[in-house]
Number of protein chains: 2
Amino acid sequence: MTTLADRAATAVDGARQWSRLMEMAQIGSIAGGGVNRACLTPLDRDARRRLMAWAQAAGATVTIDDAANLWLRREGSDPAAAPVLTGSHMDSQPEGGRFDGIYGVIAGLEVLEAMHAAGLRTRRAIEVVAWTNEEGGRFAPGCMGSMAWSGTRRLADFADARDPEGIRFEDALSAHLAAEADVPRRPLVSAPRPAAYVEAHIEQGPLLEAAGEDIGVVTGIQGSRWYTVTITGETAHAGTTPLKLRRDAVQDMVRAITALNALMDDPTDVLRFTVGRVEVAPNAPNSVANRARFTIDFRHPDGAVLAARGDAVADAIRAALRGTTAEVQETSHALPNVFEPTVVDAIERAAASLGLRHRRMPSGAGHDAQFVAPLCPSGMIFVPCRGGISHNPAEYASPDQLAAGTRVLATTLADLAAA
Amino acid sequence: MTTLADRAATAVDGARQWSRLMEMAQIGSIAGGGVNRACLTPLDRDARRRLMAWAQAAGATVTIDDAANLWLRREGSDPAAAPVLTGSHMDSQPEGGRFDGIYGVIAGLEVLEAMHAAGLRTRRAIEVVAWTNEEGGRFAPGCMGSMAWSGTRRLADFADARDPEGIRFEDALSAHLAAEADVPRRPLVSAPRPAAYVEAHIEQGPLLEAAGEDIGVVTGIQGSRWYTVTITGETAHAGTTPLKLRRDAVQDMVRAITALNALMDDPTDVLRFTVGRVEVAPNAPNSVANRARFTIDFRHPDGAVLAARGDAVADAIRAALRGTTAEVQETSHALPNVFEPTVVDAIERAAASLGLRHRRMPSGAGHDAQFVAPLCPSGMIFVPCRGGISHNPAEYASPDQLAAGTRVLATTLADLAAA
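Described below are features of the structure shown in this document. (Residues numbered from 1 in each chain as written. Chains lettered and ligands numbered in written order. Predicted model: local features only at pLDDT ≥ 70, side-chain atom pairs only at ≥ 80, totals over all residues.)

1. Section: the overall build of chain A
The helix and strand inventory of chain A stands at 13 helices and 18 strands. In terms of overall dimensions, chain A is globule-like: its C-alpha atoms have a radius of gyration of 24 Å, near the 22 Å expected for 419 residues. Each of the three principal axes of chain A carries a C-alpha extent, and together these read 80 × 45 × 40 Å. Going through the 419 residues of chain A one by one, you find that 55% of them count as buried. In chain A, once contacts between residues fewer than 6 apart in sequence are set aside, the share between residues at least 24 apart is 81%. (Helix = DSSP H or I, 4+ residues; strand = E, 2+ residues; numbered from the N terminus. Rg over C-alpha atoms; globule rule 2.2 N^0.38 Å. Buried ≥ 20, exposed ≤ 12 C-beta atoms within 10 Å, placed from the backbone. Contact = placed C-beta atoms within 7 Å.)

Below is the structure:
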């Protein structure tokens with residue numbers, strides 16, 4: 001017996017999906033095979049227009065909301081039932097790749113096209129959403145579209161964000177909506193809530209490739225805490241000042257990072273701890289530094305670990321110092337997301353039924369899904385990317401890897417849309 | 001019985017010296033009580049003109065050489081005898097103090113004025129030299145004047161050094177010499193060799209003040225080795241990349257510095273080891289760094305220690321790395337200077353005879369004396385400076401501290417000029 005879900009997966013056309021992705025990659029293409037397509041630019045508008053045309057040809061209806069999130073809806077047999085949602089984003093990093101974000105949108109489109117071609121009808125409608133400004137590369141913060149839609153933040157909160165040229169987000173948004181005035185508008189509300197949300201994405205990490213696996217069944221998005229640490233000592237002549245009399249900011253930074261490495265030690269290698277930015281003053285070879293500033297990016301999927309170790313950061317740093325002082329500022333604190341079993345289990349079943357090698361894993365990176373998850377059962381499907389490289393023109397996933405992810409998406413959506 | 005040396009020391013006028021120093025400090029004065037007087041600028045010329053006028057009024061003859069080193073000569077009773085030399089430099093750091101360098105020149109002038117006022121006559125002539133461009137703040141490297149005079153380097157080697165505005169050293173030097181065409185020229189040769197060289201200077205370190213001592217009898221200038229270390233790893237996403245799979249340049253820099261701290265450990269606290277400059281790329285909070293570059297400034301008065309530990313630097317770094325590679329480049333290597341007992345003993349006798357608290361000590365900083373020392377018995381007299389602070393507008397030594405140093409200088413010069 002062939003189920004609707006099986007038929008949807010079978011109808012997925014990996015070659016068509018790859019061709020759509022390569023066509024999108026031409027819009028904002030940069031050297032090295034990458035993409036620079038910032039949100040709400042003419043390039044973004046070109047890409048959205050292309051997407052709308054494909055969706056309409058596949059029988060979907062297209063709407064846009066006040067945050068310029070773009071919605072492609074394939075009606076179900078029960079129009080009153082809450083839809084099942086999928087999607088991701090179409091904007092890229094300034095020196096981004098061809099798959100981050102856009103893959104999840106094109107995969108959703110491919111499911112619509114596959115169902116259209118195969119004449120399949122689900123009970124619930126399936127909606128594909130392209131969230132506005134996930135990357136935050138032009139306007140900070142990222143995930144504005146999904147935050148505004150989910151009510152995490154008000155759209156008006158973002159009005160005064162400016163791009164590097166000084167253009168306000170609100171003005172860029174108004175201009176975009178005016179240019180898209182022929183697209184029917186839908187309200188920026190998340191009610192009634194969708195039945196479920198499933199986002200397909202490249203892993204942006206090396207685990208699946210290293211393990212030879214096809215699919216990551218994402219169990220949640222790990223929480224993160226960011227800090228900026230400023231160590232203040234005293235400058236002194238490198239030739240004349242005895243080491244015992246120094247208050248050396250570089251040396252105390254080294255001691256602080258060493259202490260943090262001990263605090264953050266994790267034999268299971270799930271914890272992520274990164275010192276990525278370091279700045280020293282006066283930064284002269286023959287002057288003892290009077291200031292060293294560094295950042296901490298600490299992530300973990302378990303809220304208890306995130307709380308306990310994060311709360312211990314400042315004390316660990318201060319205990320390591322010899323003679324300097326440290327200011328420890330927490331600049332960001334995001335709680336972990338744990339996805340509901342409804343969707344996680346459905347994705348895992350889909351991968352298993354398709355004979356794909358898969359593992360459960362948390363997402364290390366942030367995604368729009370984290371803002372949707374509080375509203376409805378949500379999940380993510382990861383596909384491997386070469387060398388774990390992302391946010392880089394070298395980002396790559398093969399046509400077959402992407403097609404496998406989309407077959408899992410099709411199966412999962414059909415499954416959830418039948419419920 | 002009062003010796004010539006006693007009478008010279010007694011004739012030193014601490015108030016006159018202080019007033020000369022404060023007058024010089026007006027030429028290029030900057031906020032915070034500091035001085036910015038770069039070499040071969042109109043400010044430098046003003047200061048030199050002032051110096052020449054004072055010297056001539058004290059009966060000295062003034063000459064200038066091809067490197068614009070300025071020479072003030074007080075004739076001895078035996079004009080054929082090799083002169084005794086003293087001096088230092090008149091240029092300052094860009095944000096310098098009122099004493100670094102200029103003190104040694106004004107102290108030498110004060111000895112000439114004191115002897116002139118007291119009608120004292122030494123057997124050997126006494127010459128005060130103001131070396132060109134010791135600081136290297138406008139044209140790199142520093143100590144051009146003393147290096148060219150001593151034959152350490154050829155003057156022509158410096159011709160193409162450029163200041164931040166692109167002016168060539170040779171052009172600045174020619175313009176200066178043309179403007180000073182009325183000053184008699186002397187050849188830029190160190191033959192016949194002086195009988196001795198004594199340079200007075202602020203300590204630029206905290207030891208004398210901390211010990212409550214008046215005079216540092218400098219036994220030599222410690223050697224130094226400078227390195228630039230470049231650690232190359234691989235950038236990666238801070239949220240997704242497990243720590244075990246990273247090649248993190250910041251973490252390996254921390255490991256390398258920790259290993260160097262062990263290599264450079266010195267319970268006697270004579271060794272100087274400084275990491276003063278750190279640069280990281282891409283230097284983003286959520287990216288594992290693929291490059292970390294840092295400098296090493298390593299100094300020691302003992303050539304054997306300098307050789308053994310310096311030669312072990314690259315291996316210590318490489319043994320500390322986990323997954324990255326390091327390029328270790330030695331950018332400078334200066335052997336230690338050990339001053340001859342003739343002058344060191346004379347300075348120590350002078351301090352003792354004047355009842356001043358003194359200690360023998362190496363110089364942590366480099367000075368013109370290190371380029372003179374290979375040619376004739378040399379030595380330096382250090383006076384305390386507040387908090388060890390130098391290369392800073394806050395640099396300070398009191399009138400009494402400076403006068404004590406100049407009395408030691410007068411005694412030493414009279415002693416050496418009698419021999």
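2. A short note on the interface of chain A and chain B
With 44 residues of chain A at the interface, the matching set in chain B holds 44 residues. It is helix α8 (residues 249-263) of chain A that provides the largest number of residues to the side of chain A that touches chain B, a total of four residues. Looking at the side of chain A that touches chain B residue by residue, the class counts come to 19 nonpolar, 18 polar and seven charged. (Nonpolar A, V, L, I, M, F, W, Y, C, P; charged D, E, K, R; others polar.)

3. A short note on unusual backbone geometry
When glycine is set aside, most residues are seen to have a negative phi, and most peptide bonds are trans. All names here are of chain A. Cis peptide bonds are those with omega within 30 degrees of zero, and the linkage from A191 to P192 qualifies with -10°. Structurally, P192 can be placed in the loop between α6 (169-179) and β7 (196-202). Look at the link from A281 to P282: it is a cis peptide, with omega at -5°. Position of P282 relative to the elements: it lies in the loop between β12 (278-281) and β13 (287-288). Phi at N283 takes a positive value of approximately 60°, unusual for a residue other than glycine. Its 16 C-beta neighbours within 10 Å are what place N283 among the partly exposed residues.

4. Focus on the relation of the copies chain A and chain B
Overlaying chain A on chain B yields an RMSD of 0.2 Å, the required transformation being a rotation through 180° with an accompanying axial translation of 0.2 Å. On the angle and the small slide along the axis, the relation comes out as a two-fold axis. Within chain A, V254 of chain A has its C-alpha nearest the rotation axis, a separation of 2.8 Å. Of all interface residues in chain A, 100% are interface residues in chain B too; the two copies therefore contact each other through one and the same surface. (Least-squares fit on C-alpha atoms with pLDDT ≥ 70 in both.)

By themselves, these are just geometric observations and shouldn't be taken as functional.
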